[in-house]
Amino acid sequence: MELIFEISKPGRNAADVTASDVPAVNIEDAIGKKYLRTDLDLPEVAEVDLVRHYTNLSRRNFGVDLGFYPLGSCTMKYNPKVNENVAVLPGFTGLHPYADDESAQGNLQLMYEMQKYLSNIFGMAEFTLQPAAGAHGELTGIMMIKKYFEKKNEKRPLILIPDTAHGTNPASGALCGFETVTLRSNSEGGVDIDHLMSLMTKDVAGLMLTNPNTLGLFERNIEKVAQIVHGKGGLLYGDGANANAFLGKARPGDLGFDVIQLNLHKTFSTPHGGGGPGSGPVGVCAKLVNYLPVPRIIKTGHSYSWSGKFPDTIGRIRSFYGNFNVVVKAYTYIRSLGAEGLTHATEMAVLNANYIKEKLKPYFDLPYDRVCMHECVFSGKRQVAQNGVHTTDIAKRLIDFGYHPPTIYFPLIVPEAIMIEPTETESKETLDTFCDAMIAIANEAKENPQRVKDAPLTTPVSRLDEVLAARKPDVCWKRS
Ligand SMILES: *Cc1c(COP(=O)(O)O)cnc(C)c1O
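All of these numbers come straight from a predicted model, not from anything done at the bench.

Visitor: Which residues make up the sheet that holds strand E4 (residues 204-210), and what values go with them?
Guide: Ordered by their spatial adjacency, seven strands build an open sheet running E1-E7-E6-E5-E4-E2-E3, and the pairing between neighbours is mixed. Two strands lie at the open edges of the sheet, namely strand E1 (126-128) and strand E3 (179-183), each paired on one side alone. In this sheet, neighbouring strand axes are inclined to one another by 25 degrees on average, regardless of whether the strands run parallel or antiparallel. Pairing of strand E6 (residues 259-262) with strand E7 (residues 282-284) involves three bridges; the strand directions are antiparallel. From the neighbouring strand, Ile260 faces E7, where its bridge partner is Gly283. Across the sheet, helix H6 (residues 134-151) lies against strand E2 (158-162), E4, strand E5 (235-240), E6 and E7, angled at about 170 degrees from E5, the strand it touches most.

Visitor: Help me get a handle on the pairing of E6, residues and values and all.
Guide: Going residue by residue along E6, you find Val259 and Gln261 tucked away on one face and Ile260 and Leu262 tucked away on the opposite face as well. Note that E5 and E6 share four bridges and pair parallel. Bridge pairing in E6 links Gly238 to Ile260.

Visitor: Could you give me a rundown of the side chain of Glu126, with the residues and numbers involved?
Guide: Relative to the helices and strands, Glu126 resides in strand E1. Within the buried set, Glu126 has no salt-bridge partner at all; the shortest N-O distance to an opposite charge, 4.2 Å, is to Arg296. Discounting chain neighbours no more than four positions away, the residues touching Glu126 are Gln115, Lys116, Ser119, Val282, Gly283, Val284, Val289, Leu292 and Arg296.

Visitor: An account of the packing of H6 against helix H7 (residues 168-175) is needed here, citing residue identities and associated values.
Guide: For the pair H6 and H7, interaxial distance at closest approach is 9 Å and the crossing angle is 40 degrees. Put simply, H6 runs oblique to H7. Considering the relative orientation of H6 and H7, their crossing is right-handed. Only Thr168, Asn169, Ser172, Gly173 and Leu175 of H7 make contact with H6, whose side of the interface consists of Ala135, Glu138, Leu139 and Ile142. Here the residues of the contact of H6 with H7 sort into four nonpolar, four polar and one charged.

Visitor: Explain the nonpolar core residue by residue, including any values.
Guide: In this structure, Met114, Leu118, Phe122, Leu196, Leu207, Leu236 and Phe268 are the most contacted members of the largest nonpolar core, which totals 50 residues. For this core, the secondary structure elements donating two or more residues are helix H5 (105-122), helix H8 (193-199), E4, helix H9 (222-231), E6 and helix H12 (324-360). Of all the elements, H12 adds the most residues to this core, at nine residues. Leaving out residues up to four positions away in the same chain, Phe122 has contacts with Phe127, Ala243, Phe246, Leu247, Arg251, Pro252, Gly253, Ile260, Leu262 and Phe268. Counting residues in hydrophobic clusters, the runner-up holds 33 residues, among them Ile356, Phe378, Met419 and Val452.

Visitor: Any chance you could break down the packing of helix H14 (residues 391-400) against helix H15 (residues 428-447) for me, citing the residues and the numbers?
Guide: Two elements in contact, H14 and H15, have axes separated by 10 Å at closest approach and are oriented at 125 degrees. Between H14 and H15, the angle is such that the two are oblique. H14 and H15 meet at a crossing whose hand is right-handed. Contacts between H14 and H15 involve Ile394, Arg397 and Leu398 on the former and, on the latter, Phe434, Ala437, Met438, Ile441 and Glu444. Of the residues contributing to the contact of H14 with H15, the split by class is six nonpolar, no polar and two charged.

Visitor: Describe the site of the ligand, naming the residues involved and giving the relevant values.
Guide: Neighbouring the ligand are 13 residues; Gly134, Ala135, Asp239, His265 and Lys266 lie closest to it. In this structure, Gly134 approaches the ligand through a main-chain N or O atom, which is 2.8 Å from an oxygen atom. A distance of 2.6 Å separates a nitrogen atom of the ligand from a polar atom in the side chain of Asp239. Considered on its own, the ligand offers 390 Å² of accessible surface; in the complex 86% of this is hidden by protein. Those elements giving two or more residues to the shell around the ligand turn out to be H6 and helix H11 (264-267). With three residues, the single largest contributor to the shell around the ligand is H6.

Visitor: Can you lay out the sheet that holds strand E11 (residues 407-408) for me, pointing to particular residues and giving the numbers?
Guide: Taking strand neighbours across the sheet as the criterion, the three strands line up as E10-E12-E11 in an open arrangement whose pairing is antiparallel. Lying at the two open borders of the sheet, with one neighbouring strand each, are strand E10 (376-379) and E11. Pairing analysis gives two bridges linking E11 to strand E12 (residues 417-420), with the strands arranged antiparallel. Residue pairing in the sheet places Thr407 in a bridge with Met419 of E12.

Visitor: Give me the lowdown on the pairing of E3, citing residues and values where you can.
Guide: Bridge count between E2 and E3: five bridges; the pairing is parallel. Within E3, the position partnered with Pro162 by the bridge is Leu183. For the handedness criterion, the β-α-β arrangement of E2, H7 and E3 is classed as right-handed.

Reading the values: rules and limits
Residues numbered from 1 in each chain as written. Predicted model: local features only at pLDDT ≥ 70, side-chain atom pairs only at ≥ 80, totals over all residues. Heavy atoms only, no water. Pairing = 2+ DSSP bridges. Helix = DSSP H or I, 4+ residues; strand = E, 2+ residues; numbered from the N terminus. Axes fitted to C-alpha atoms, helices over the stretch in contact; angles between N-to-C directions. Contact = heavy atoms within 4.5 Å. Buried < 20%, exposed > 50% of the residue type's maximum accessible area, 1.4 Å probe, protein only. Lys, Arg positive; Asp, Glu negative; His and termini not counted. Salt bridge = Lys/Arg side-chain N within 4 Å of Asp/Glu carboxyl O. Parallel < 35°, antiparallel > 145°, perpendicular 65-115°, else oblique. Left-handed = near helix turned anticlockwise from the far one by under 90°. Nonpolar A, V, L, I, M, F, W, Y, C, P; charged D, E, K, R; others polar. Core = buried A, V, L, I, M, F, W, Y, C linked by side-chain atoms within 4.5 Å. Near = heavy atom within 4 Å. Polar contact = N/O pair within 3.5 Å; in protein donor to acceptor, adjacent residues only side chain to side chain. Areas by Shrake-Rupley, 256 points an atom, 1.4 Å probe, with all protein chains shown as cover. Right-handed = clockwise from strand over helix to strand, strands pointing away.

No statement about biological role is implied by the geometric values presented.
Printed below as a string of structure tokens:
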């Protein structure tokens, strides 16, 4: 595709500006010559070419609104358009961040209610909406754990993290100055209880656990795990990015978690990807409430206000009040589904994942053959052994069938991992055609492996050097 600069022709334009009816000002006098750019090299194109250029560019992208996007761990569920309609109401978008509390009552009420809803759904004492994404929420949670032990005058330099954890977990622990210790999984894909017992000492601040874990499996021994951690005075941190698997079914607070982060941009259906804005609220149990970030919303009678007067707070962790518009979308989602709708969403997400698991089981290795939660993890080991077709080849071939590939090579404990998360919004027909494509690729890997290794065959470019593209992105263009 040509760049917009390449289709530019001098003198063409897409705007028709009428002559000004106010006296002209000498711009050099008004601004100063040294501030005026004369080398501005802007593309000049007609409106129709402009529209076609960007429409064609957008067609080279892939999103949930275009097709099935089973990217495991990322919960790429459909984002209902009503969320967008509500988030763009002028009362939400037009309010100045420095507006005084009195003129922001409606927005403060929404945030206050959102905190209450989340506390209710997840069984926590209190929530903050400040963190900008999941990893930022983890950092916030771990900072509170650190402060909690500082206040108690306990030196606990270690934090336990299972070998199935998302990479952001050890990163968050390390950023807070903890040394991370890897906790092994057992043959069922859960926490190895013996290993936990041997590691859990008075030097350990806590355990960061994802439940269901990144294998899509619910931790059957969760109460025992909580008991062991609490027994040594530690705290149990919950990575709640997989909350889509248990809404209305289980509450982390009831399971023994002391602090959790959520990913509104996953579970609560707000758009994400490409580094766009997220929201990672953090919920805490009663003994951590005083450490929450400030400012916090206070309700007095019928009015809402911000307060910073909490001496034990970890402080402010983001400018202003978090990604407010993402919160509005998630709030709309909760209000439009209600308790029954959220529970139903979880049931369908789990059903869909198990449907795919059962349908593809004859064709791909399934290392942990248990009922899964909202996602299932296969291994491409069989295809490697047969004809040297790797998981990456299978993922690339799926693009030719019109699908976004699943997450691959994660979690790390599954060789050649293929992690499929269908989400609740997909119909049986979509799941069936996706499974047909996966089965066709499994057969192709046997009969015509080279075709799979050459994929994708239908895209403008085929295999890119993904490492080079990330490390040394070539995004500059020079006019020849
Ligand atoms: C997505 C995810 C995260 C990180 O969330 P971000 O919003 O991308 O920072 C952490 N843990 C798990 C299990 C996740 O799936």
